[in-house]
Amino acid sequence: MAKVSFHNFPAFCSLDKVEDNWRSGNAHLFALSNDRRASRVVCGIRMEKCGRDISISRLRWLHLDGLVLQGKALFRDRNKKWNHSVMEQSLQEAPQWCDTCALSLKRMHLSSRRCFNGFHSHFKGGYATDTRPQYHWLPGRQVSIRASAGFNEPHVANSAVLPEGGLKEESNKELLESRTGSDNFENFLLSKLPTHPKLHRGQLKNGLQYAILTNKVPPNRFEAHMEMHVGSVDEGENEQGIAHMIEHVAFLGSKKREKLLGTGARSNAYTDFHHTVFHVHSPVTVQGSNEALLPLVLEALCEIAFKPKFLPSRVEKERRAILSELQMMNTIEYRVDCQLLQQLHAENMLGYRFPIGLEEQIKKWELDTIREFHERWYFPANATLYIVGDIGSIGKTVDQIEVAFGRIPVGVCFSSSLQPSTAKAGPSSHINIPNLKSLLTGTSGMEPTVVPAPSEQMMKKRHAVRPPVKHDWSLPKPGLVKKPHIFQHELLQNFSLSLFCKKPVQRVLRYADLRDVLMRRIVLSALQFRINTRYKSANPPFTGIELDHSDSGREGCSVSTLTVTAEPKNWKTAVKVAVQEVRRLKEFGVTRGELARYLNALLKDSEHLAAMIENVPSIDNLDFIMESNALGHMVMDQQQGHESLVAVAETVTLEDVNTTAAGLLEYIADIGKASAPLPAAVVACVPRKIHQDGIGDVEFVISPQQIFTAMKEGLSEHLCPEPELDVPKELVSPVQLAALKLQCHPTFVRVKEDDISTKIVDEATGIVQRRLSNGMRVNYKITRNEAKGGVMRLVVAGGRARETTNASGAVAVGVRTLSEGGTVGGFTREQVELFCVSHLMNCVLEADEEFLCMDFHFTLRDGGMRATFQLLHMVLEHNVWVEDALDRAKQLYLSYYRAMPKSLERATAYRMMRAMLDGEERFIEPSPHSIQQLTLPIVKDAVMQQLVTDNMEVSVVGDFTEQEVESYLLDYLGTVAPLQMYPESVENEQPVIINPHPAPGLRHQKVFLKDTDERACAYIAGAAPNRWGYTSDGRDLNTLVHPISNSLTEEEALSLAPPGARLIKDENGNLFWKRQLNPLYGSVALTLLAEIINARLFTTVRDTLGLTYDVSFELSLFDRLKTGWFVISVTSTPAKVDKAVEASLNVLRGLHVNRINQRELDRAKRTLTMRHESDSKDNAYWLGLLTHLQAPSVPRKDVGCIRDLLHMYDISTTDDVYNAYNHLSLDDDSIFTCIGVAGTDAGKEVPALEVEESSDSDESLSSLQSSIQHGRGLSTMTRPTT
């Protein structure tokens, strides 16, 4: 399924509610942990894809709205693929979604990634890494420069560590040459890299190729992916979108795939330019038996690919679904991506053959047309099967492949066989692109392709070259100038400029290739850090600057992209700053200190990856192999990659790195010169109008010449070389630590008031609980999930719920201010960030409705764990608050708020949430007026009142020893000054109330958005219990009250009471048994209920009625606040959205009429228990389980909740699920709905959403617009099938 990649985000950002983990494949977390913590760690620390800054929204559920304006590449998966696909959400296959991603992307599967400050390590099977910076602990602006790797550049990130003194004057290269001779040195660089020792490749007689890799993580599970080498570029002129259509029909029409339902298997599919992929994640055996599932999975894939039944009913269902998907996809981000691709690939079909297809053609295809395309491209020689997992014998697996696929005919073709048309066609009829009207309709006037008469037969073979497109490479072309292309649209908020350079992929086959990749990463890492730290004033001239270099197997090229985003009024200065910094690096190169620093960090990261070789998930290994095949890279395992990188790192010199920098950056730094490569494209995406104080909206005027002039002016200004920076080795020196220990005398004290034990160890789970003498509570667990790696979380009860009406937004803005500042003690922000880089440490700070939280990911190598504890100590004891950081934080929130009216999803969700909570700003975005009232003392006080030791809980999970973790706990956390919570701050916290009597017209609302194209979405919400069973109206799901027959006396009732029940009497003298249930009871029942409702919504609203492409139900489960809510989100068309809302409500309210059966319940149980077992190999997951174990604000959670989880799932009954269902508020007087409609005629008689305008005039608040980060993304790949 599709994955996301958001590149411009701070790591110390408020990732705000990366919770509701059932959507991200962690549904079981509902039952026992703060699920958003676990998910957040994955998204904020281990993953790049969900890392956009969502701190500004406080709505846990609203994040499915997905701040799409914050993400560069909305539908990008780990392969840099771009998806449109079918959305099957059958219960046991419920896809895994991520709440931090866009609304249109729900249930994104979370892959395993690690990110250490600037160095993103994709566990892609090989040793691939990605230096997409995550902005370590205190970011400033959203600046990102990254060298992408993963499958795109299969090579490790780092290995051996440099000497303490850094690089020697005499380079390692010179030493090597002096010892071995220059010929031997050259021979070494030209020698081939090693190949993966465990990867088995083969081919059946009918041409089907396969790759098999045994892998033990997760245990007893495997991945099977069938890759058909056919995509949208293989479509004829009148077939645009037919590859995607076949993906839908073949996948969802497979009866053998349906037999996998209920086995715990999850399946999905997607289509891109060149591939259609069907994939299954499955247990090795059927639960409760020894029946092997691999043969069944292979049979299902065989039927999907080679024996589909193109039933008319299924074709029509999927036709409706795809047309709905097409409208849902057509966001402004999608349209921007179309523009970028059209300009970047103007010379070939990649700029015009988008996988989603053309609406008019999708409506018209007959069955024969669909069958003919399938027969043309779906044959064994045009397929590759990948199997990775805990499969045991390779030989037995090969035999099973032969049994499943060996009898498929080879397929024949003729010497004059049909070839796909090379004519260009428009990206989509629903996209409003100037000067392409004839293409957009799909009727360009060209004659349809004619199939020649049959002649000589021959065996079908796949394309000799993939992809079958030609590129116009970026080379010096004297006399030519690439004129900037300008795309203006009324829904755009910001100015953005993208400069592309397109070159052939450098296949990584030899040591010299790996050396080149390493040097590029050093260059890009240096540039990223420079921009990130240099521009930290209160009003920087840009919103984001990003330099990306990545190989794309889906586009068949290597692309460098400089992307600049800014407020329209600042666009010239932003462009100048970006090109100046590029030119500075090109002219003066990296410094010796930068080379030593980033090479050292990359080598450390590689060493860490090599140690993780036995803990890499199968999906990451498989994806790495698939993308390496597409790019032609050598596939190595992590250890081989590490050793290879160690070898080439010894040959890297400052001169060679700076030569690499000059070559990489010259297309920007020397633009306009005859010797410079001509950019492949220069694209500016800008708003049509901007707001000016005292005037209102005015036309935004910009020309290509103005853009080019701004670049030339920036490049002509005088520059100075980059100065060297002093990087601290310690934040707390040994002398300082000794003094602190003498002063504080840190010790461990009794964990519980009623127990004298100072250490509680749970043997079943391995969890240890302790408490420090300053009041701080501690949980830790030693695991071997990640060799020499660990995660840590500090949680503080309070969050935005403790904001007061006269300081709305103070906690949210305060946490962001602390994040933006970056200074601790006497260390500058630059020093702190470099300290994090040097120790491969990543930290994320956030505030949500209930808690403040700091998450760390660290390595235990070279003092990384000690450094992490030192940083936490300094943040707690020596944080520094500065005015310019507050100004930046306020501007970010204002910008986010001002962008709302131009986002259909955000505007719709905001309107409903505001009505449901009666305008309560603690759970929605603070208004501009509230933000403007905040001062530094106000926000500092709001945060620091919560950061007190007796309100803190620290959890640590990793590959450390008991002695290590306990010594660091005492040294660095035990020496934090003891402070107690102000009683009034707790007492003054207002309860959360779902509005019982909204004003007329607020319970059911509509939002209208003017747009050139039509779209629609809707939200349905109502009250629900929190994770531990409490509701806002005082009910408790975890407490059962049974009436007693009036015939029983009080003594008789007492003697007959069930175990654990006590006798109570109401005001009328009636007797009842009151029984407290297991603390997990409510959350387990609610989680099972959510799984079942989602399956029914998909089956009814999407599949049977065809009213939507995407519908989902989710619960917002608080831990501390005694309330919660559910939300159904629906995407549809303006014509169908009202019916989709009605149908969704009918499903939700119909569970008593259409009773839940045992089969549905069993499937939900299997799905959740198997996810738990799989995720138990993950440190971040365990961190979520440990969170709140000792929190006084979450009294019902204890270690027993973790021990009992599987048992509670096992014993749950349909009665339990109905008990949870009955606690949802579903009547007409409780439900809130809001429908959003976009289009040219939308809301002609009803006003669109308006946002509050600030009365302050300084700095033109209304012009502070949210940035839309763009990338070649949304249009190049279909959405996930399920």
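Our subject is the structure that appears above.
Residues numbered from 1 in each chain as written. Predicted model: local features only at pLDDT ≥ 70, side-chain atom pairs only at ≥ 80, totals over all residues. Heavy atoms only, no water.

Caption draft 1: Structural detail: the overall build of the protein. If you tally the helices and strands in the protein, you get 38 helices and 34 strands. Relative to its 1282 residues, the protein shows a buried fraction of 68%. For the protein, restricting intrachain contacts to residue pairs at least 6 apart in sequence, the fraction spanning at least 24 positions comes to 84%. Working note: accessible area of the protein is about 40,900 Å², and carbon and sulfur atoms make up 51% of it. (Helix = DSSP H or I, 4+ residues; strand = E, 2+ residues; numbered from the N terminus. Buried < 20%, exposed > 50% of the residue type's maximum accessible area, 1.4 Å probe, protein only. Contact = heavy atoms within 4.5 Å. Areas by Shrake-Rupley, 256 points an atom, 1.4 Å probe, with all protein chains shown as cover.)

Caption draft 2: Region of interest: a positive patch on the surface. Among the surface-exposed residues, Lys 256, Lys 259, Lys 307 and Arg 407 lie close enough to one another that they form a single positively charged patch. Looking at where Arg 407 falls in the secondary structure, it is placed in the loop between helix 12 (394-405) and strand 10 (412-414). Among the residues examined, Arg 407 registers a relative accessible area of 81% and is labelled exposed. (Patch = residues over 30% accessible without salt bridge, like charges linked within 9 Å, V, L, I, M, F, W, Y side chains within 5 Å. Salt bridge = Lys/Arg side-chain N within 4 Å of Asp/Glu carboxyl O. Lys, Arg positive; Asp, Glu negative; His and termini not counted. Charge placed at Lys NZ, Arg CZ, Asp CG, Glu CD.)

Caption draft 3: Highlighting the packing of aromatic side chains. This structure, assessed with the given rule, holds 13 aromatic pairs. Between the aromatic rings of Tyr 897 and Tyr 910, the centroid separation amounts to 6.2 Å while the plane-to-plane angle is 90°, which identifies the pairing as edge-to-face. Linking Tyr 897 in helix 25 (residues 883-899) with Tyr 910 in helix 26 (residues 904-916), this pair joins segments that are 13 residues apart in sequence. Here Tyr 897 and Tyr 910 have matching classes, each one buried. (Phe/Tyr/Trp six-rings, centres within 6.5 Å; stacked < 30°, edge-to-face > 60°.)

Caption draft 4: Spotlight on the pairing of strand 8 (residues 276-283). Most of strand 8 is tucked away: 8 of the 8 residues are buried. Along strand 8, one buried face is formed by Thr 276, Phe 278, Val 280 and Ser 282 and the opposite face, lined by Val 277, His 279, His 281 and Pro 283, is buried too. The sheet contact formed by strand 6 (residues 221-228) and strand 8 spans 8 bridges and is antiparallel. Within strand 8, the position partnered with Met 226 by the bridge is Phe 278. Between the end of strand 7 (residues 266-271) and the start of strand 8, which pair antiparallel, lie 4 residues. (Pairing = 2+ DSSP bridges.)

Caption draft 5: Highlighting the nonpolar core. Counting residues in each nonpolar core, the largest one holds 71 residues, and the members touching the most others are Phe 1113, Leu 1115, Phe 1126 and Leu 1224. When residues of this core are assigned to their parent elements, the largest contribution, 11 residues, is made by helix 32 (residues 1081-1104). Counting 68 residues, the second largest nonpolar core, distinct from the first, contains Ala 526, Leu 602, Met 636 and Leu 834. (Core = buried A, V, L, I, M, F, W, Y, C linked by side-chain atoms within 4.5 Å.)

Caption draft 6: Local environment of the packing of helix 5 (residues 242-252) against helix 11 (residues 367-377). Where helix 5 contacts helix 11, the two axes come as close as 10 Å, and the packing angle between them is 95°. As summarised for this structure, helix 5 and helix 11 are arranged roughly perpendicular, according to the angle between their axes. Across from Ile 242, Ala 243, Met 245 and Ile 246 in helix 5, the residues of helix 11 making contact are Thr 369, Ile 370, Phe 373 and His 374. Residues belonging to the contact of helix 5 with helix 11 are distributed by class as follows: 6 nonpolar, 2 polar and no charged. (Axes fitted to C-alpha atoms, helices over the stretch in contact; angles between N-to-C directions. Parallel < 35°, antiparallel > 145°, perpendicular 65-115°, else oblique. Nonpolar A, V, L, I, M, F, W, Y, C, P; charged D, E, K, R; others polar.)

Caption draft 7: Quick peek at the pattern of salt bridges. Here the structure, examined in full by the defined rule, presents 59 salt bridges. Here Arg 1196 makes a salt bridge to Asp 1036, at a shortest N to O gap of 2.4 Å. Highlighted residues: Arg 1196 in the loop between helix 35 (1179-1186) and helix 36 (1199-1203) and Asp 1036 in the loop between strand 28 (1015-1024) and strand 29 (1039-1043), separated in sequence by 160 residues. Taking relative accessible area as the criterion, Arg 1196 reaches 14% and is therefore assigned buried. Assessed through its relative accessible area of 16%, Asp 1036 is described here as buried. Through salt bridges with shared partners, a single network forms among Arg 314, Lys 317, Glu 318, Arg 1102 and Asp 1103.

Caption draft 8: Here's a closer look at the packing of helix 14 (residues 511-534) against helix 16 (residues 592-611). As a packed pair, helix 14 and helix 16 sit with axes 9 Å apart at the nearest point and diverge in direction by 115°. On the basis of their axis angle, the class for helix 14 and helix 16 is roughly perpendicular. Handedness of the crossing formed by helix 14 with helix 16: right-handed. On helix 16, the residues that touch Leu 518, Arg 521, Ile 522, Ser 525, Ala 526, Phe 529 and Arg 530 of helix 14 are Glu 594, Leu 595, Tyr 598, Leu 599 and Leu 602. When its residues are assigned to classes, the contact of helix 14 with helix 16 shows 8 nonpolar, 1 polar and 3 charged. (Left-handed = near helix turned anticlockwise from the far one by under 90°.)

Caption draft 9: Fine view of the side chain of Asn 1026. Note on placement: Asn 1026 falls in the loop between strand 28 and strand 29. Reaching out from Asn 1026, the side chain makes a polar contact with the backbone oxygen of Leu 1121 at a distance of 2.9 Å. Sequence-distant contacts of Asn 1026, that is, excluding residues within four places in its chain, are made with Leu 1086, Leu 1117, Phe 1118, Asp 1119, Leu 1121, Lys 1122, Thr 1123 and Gly 1124. (Polar contact = N/O pair within 3.5 Å; in protein donor to acceptor, adjacent residues only side chain to side chain.)

Caption draft 10: How the structure looks around the sheet that holds strand 33 (residues 1124-1132). The strand order 27-34-28-33-32 describes an open sheet built from 5 strands, whose pairing is mixed. In the strand order of this sheet, the two ends are held by strand 27 (1004-1010) and strand 32 (1110-1117), each with one partner. Sheet twist, expressed as the average angle between the axes of neighbouring strands with direction ignored, equals 15°. Those strands touched by helix 26 are strand 27, strand 28, strand 33 and strand 34 (1232-1239), and its axis lies near 25° from that of strand 28.

Caption draft 11: Looking closely at the environment of Thr 765. Looking at the element boundaries, Thr 765 is found in the loop between strand 20 (760-762) and strand 21 (767-772). According to the relative accessible area criterion, Thr 765 is buried, its value standing at 9%. Taking C-alpha positions, Thr 765 is 8.1 Å from Val 1199, a pair spaced 434 residues apart along the chain. Sequence-distant contacts of Thr 765, that is, excluding residues within four places in its chain, are made with Lys 781, Trp 1182, Val 1199, Ile 1202 and Arg 1203. One polar contact links Thr 765 to Asp 762, side chain to side chain, over a distance of 2.6 Å.

Caption draft 12: Focus on the environment of Gln 528. As for its placement among the helices and strands, Gln 528 is situated in helix 14. When the C-alpha atoms of Gln 528 and Leu 547 are compared, they prove to be 7.9 Å apart, with 19 residues separating the residues in sequence.

Caption draft 13: Just the pairing of strand 23 (residues 789-797), in detail. Judged by how many residues are buried, strand 23 sits mostly within the fold: 9 of 9 residues are covered. Across 9 bridges, the pairing between strand 23 and strand 25 (residues 851-859) is antiparallel. Directly across from Ala 797, in strand 25, lies its bridge partner Phe 851. In this structure, strand 23 lies alongside strand 26 (residues 952-958), joined through 7 bridges in antiparallel fashion. Looking at strand 26, one finds that Arg 793 is bridged to Ser 955.

Caption draft 14: Fine view of the sheet that holds strand 4 (residues 200-203). Read from one edge to the other, the open sheet built from 6 strands follows the order 4-5-9-6-8-7, with strand pairing classed as mixed. A single partner strand is all that each edge strand has here, and the edge strands are strand 4 and strand 7. Neighbouring strand axes in the sheet, compared pairwise and without regard to direction, differ in orientation by 15° on average. Of the pairings in the sheet, the one linking strand 7 to strand 8 comprises 6 bridges and is antiparallel in character.

Caption draft 15: Up close: unusual backbone geometry. Of the consecutive residues Val 217 and Pro 218, the connecting peptide bond is found in the cis state with omega at -5°. With respect to the element layout, Pro 218 can be found in the loop between strand 5 (209-214) and strand 6. Although it is not a glycine, Asn 220 adopts a positive phi angle of roughly 60°. Mapped onto the fold, Asn 220 is located in the loop between strand 5 and strand 6. With phi around 75°, His 1188 is a residue other than glycine that occupies positive phi space. The residue His 1188 is located in the loop between helix 35 and helix 36 in this model. Note on His 1188: relative accessible area 0%, which makes it buried.

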